[in-house]
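# Reading the structure
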Amino acid sequence: MSPPFSLKIFVSTGDPDGLRIVERSNWIGKALVFPRGLLPSIKQRDEFAQTGIYILMGPRPDADGEMMYIGEGDPVKPRLESHYSNKDFWTRAVFFVAGPGHLNKAHVQFLEAQLIQRAKDAKRIRLENIKAENEPTLSEADRADMMVFLDHMLSMLPVLGISAFEIARTNTTESQKLTKLFCSGKGLKAEGYESNQGFIVKTNSQASGSITPSMRDQMRGILDLREDLMSNGVLNKAGEDYVFTQDYSFSSPSTAAAIVLGRSANGRIEWKDSAGRTLKEIQTQQAML
């Protein structure tokens, strides 16, 4: 379990949707979060003249959901200006800097390579990066420092609305407290559980190889997600159906059930424990305790 920490968020323009400066307790780094349209009016701030690592987020042009681009700049300002002119997809950005002299070009290249690889491993969002960046060689001390910097970034990003780097994992102590849930149909069976990361479907769970006409016609977002899971190897063909090659976090139990069953599904009813109680029944009982 990660240690607790606190964040201080300064809304510099007075607009909650404008520029936010986020600092973590007992850390040299900080994050700046802002919508794309605000860049021209804030880019003269001192932070933009520093070396940093940035993430651009925006809607996918071909489907529901978001896509992401990860980059670095020494300094970040000209890189963000270039993306403002040349990359159409992004609507919001976050970048991390530290005090003067704490980050250099090799440091942010290391962080960039680490983030790209972690996003690819998590397989939760489409990357706009065409290729992975080569990780630079750092001294043992610098690498240790950057791993700490990376860990702090990764712990802050979900709070800032970016969960693309979270790989579904449950430690042994936590798993003993969770209720195992099962979803079955069409001769298939999947296992999952609810966690802080969303609804997790376990490795080796099965998923339908076919989908209903209503899913094809009315559930474009689920269908796009299904196709992404097949293309990135989360779902592998196994006979006429598919099998999960890794634990995978879905936004809701209903989305997870729809992917497993190949049809519209109410996850609160489809997912059941070993005694046959639905997730809805379990949560209703828990709420009354």
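Residues numbered from 1 in each chain as written. Predicted model: local features only at pLDDT ≥ 70, side-chain atom pairs only at ≥ 80, totals over all residues. Heavy atoms only, no water.

For the protein, an unreviewed UniProt entry supplies the name Methionine sulfoxide reductase and the organism Undibacterium macrobrachii.

Moving on, we get to the overall build of the protein. When its secondary structure is counted, the protein shows 10 helices and 14 strands. Taking 19 Å as the expected radius of gyration for a compact globule of 289 residues, we find that the protein reaches 21 Å, a close match to that expectation. Along the first, second and third principal axes, the C-alpha atoms of the protein reach 60 × 40 × 40 Å. Residues counted as buried form 43% of the 289 residues belonging to the protein. Partitioning the intrachain contacts of the protein with sequence separation of at least 6 by distance along the chain shows that 62% fall at a separation of at least 24. Counting every atom, the protein has about 14800 Å² of accessible surface; 48% of that belongs to carbon and sulfur. Computed over 35 positive and 35 negative side-chain charges, the separation of the two mean positions in the protein equals 3 Å. (Helix = DSSP H or I, 4+ residues; strand = E, 2+ residues; numbered from the N terminus. Rg over C-alpha atoms; globule rule 2.2 N^0.38 Å. Buried < 20%, exposed > 50% of the residue type's maximum accessible area, 1.4 Å probe, protein only. Contact = heavy atoms within 4.5 Å. Areas by Shrake-Rupley, 256 points an atom, 1.4 Å probe, with all protein chains shown as cover. Lys, Arg positive; Asp, Glu negative; His and termini not counted. Charge placed at Lys NZ, Arg CZ, Asp CG, Glu CD.)

What follows deals with the sheet that holds strand β12 (residues 235–238). Here we have 3 strands laid out as an open sheet, ordered β11-β13-β12, and antiparallel in their pairing. Two strands in the sheet have a free side with no partner beyond their single neighbour: β11 (206–207) and β12. (Pairing = 2+ DSSP bridges.)

Glancing now at the UniProt feature "domain: DUF4357" (unreviewed entry) in the protein. Taken from the UniProt record, the annotation "domain: DUF4357" (unreviewed entry) applies to residues 226–279. End C-alpha atoms of residues 226–279 are separated by 23 Å, and the span's content is 37% helix alongside 20% strand. (UniProt positions renumbered as here; feature names shortened; annotations may be inferred.)

Here we have 4 strands laid out as an open sheet, ordered β8-β9-β10-β14, and antiparallel in their pairing. Two strands close off the open sheet at either side, each with one partner strand: β8 (181–185) and β14 (248–250). Recorded for the sheet is a direction-independent mean angle of 35° between the axes of neighbouring strands. The pairing of β8 with strand β9 (residues 188–195) spans 5 bridges and is classified as antiparallel. Within β9, the position partnered with L181 by the bridge is G192. (Axes fitted to C-alpha atoms, helices over the stretch in contact; angles between N-to-C directions.)

So, on to unusual backbone geometry. Here the amide bond leading from D74 into P75 is cis, since omega sits at 10°, within 30 degrees of zero. Its identity is not glycine, yet N26 carries a phi of approximately 60°, on the positive side. Residue position: N26 is located in the loop between β2 (20–24) and β3 (30–35). Phi at N204 takes a positive value of approximately 75°, unusual for a residue other than glycine. For N204, a relative accessible area of 60% translates into the label exposed.

With that settled, the discussion passes to the packing of helix α3 (residues 105–122) against helix α4 (residues 140–156). Remark: α3 packs on α4, axes separated minimally by 10 Å, with the N-to-C direction vectors making an angle of 50°. If you check the angle between α3 and α4, you find them oblique. By crossing handedness, the relation of α3 to α4 is classed as right-handed. Facing α3, whose interface residues are H107, F110, L111, Q114, L115 and R118, α4 presents D142, R143, M146, M147, F149, L150, M153 and L154. Looking at the contact of α3 with α4 residue by residue, the class counts come to 9 nonpolar, 2 polar and 3 charged. (Parallel < 35°, antiparallel > 145°, perpendicular 65-115°, else oblique. Left-handed = near helix turned anticlockwise from the far one by under 90°. Nonpolar A, V, L, I, M, F, W, Y, C, P; charged D, E, K, R; others polar.)

What follows deals with the packing of helix α7 (residues 220–231) against helix α8 (residues 253–261). The interhelical angle for the contact between α7 and α8, taken along N-to-C directions, is 65°, at an axis separation of 10 Å. Classified by the angle their axes make, α7 and α8 are roughly perpendicular. Between α7 and α8 lies a crossing whose hand is right-handed. Contacts from I222, L225, R226 and L229 in α7 reach T255, A258 and I259 in α8. Looking at the contact of α7 with α8, its residues break down into 5 nonpolar, 1 polar and 1 charged.

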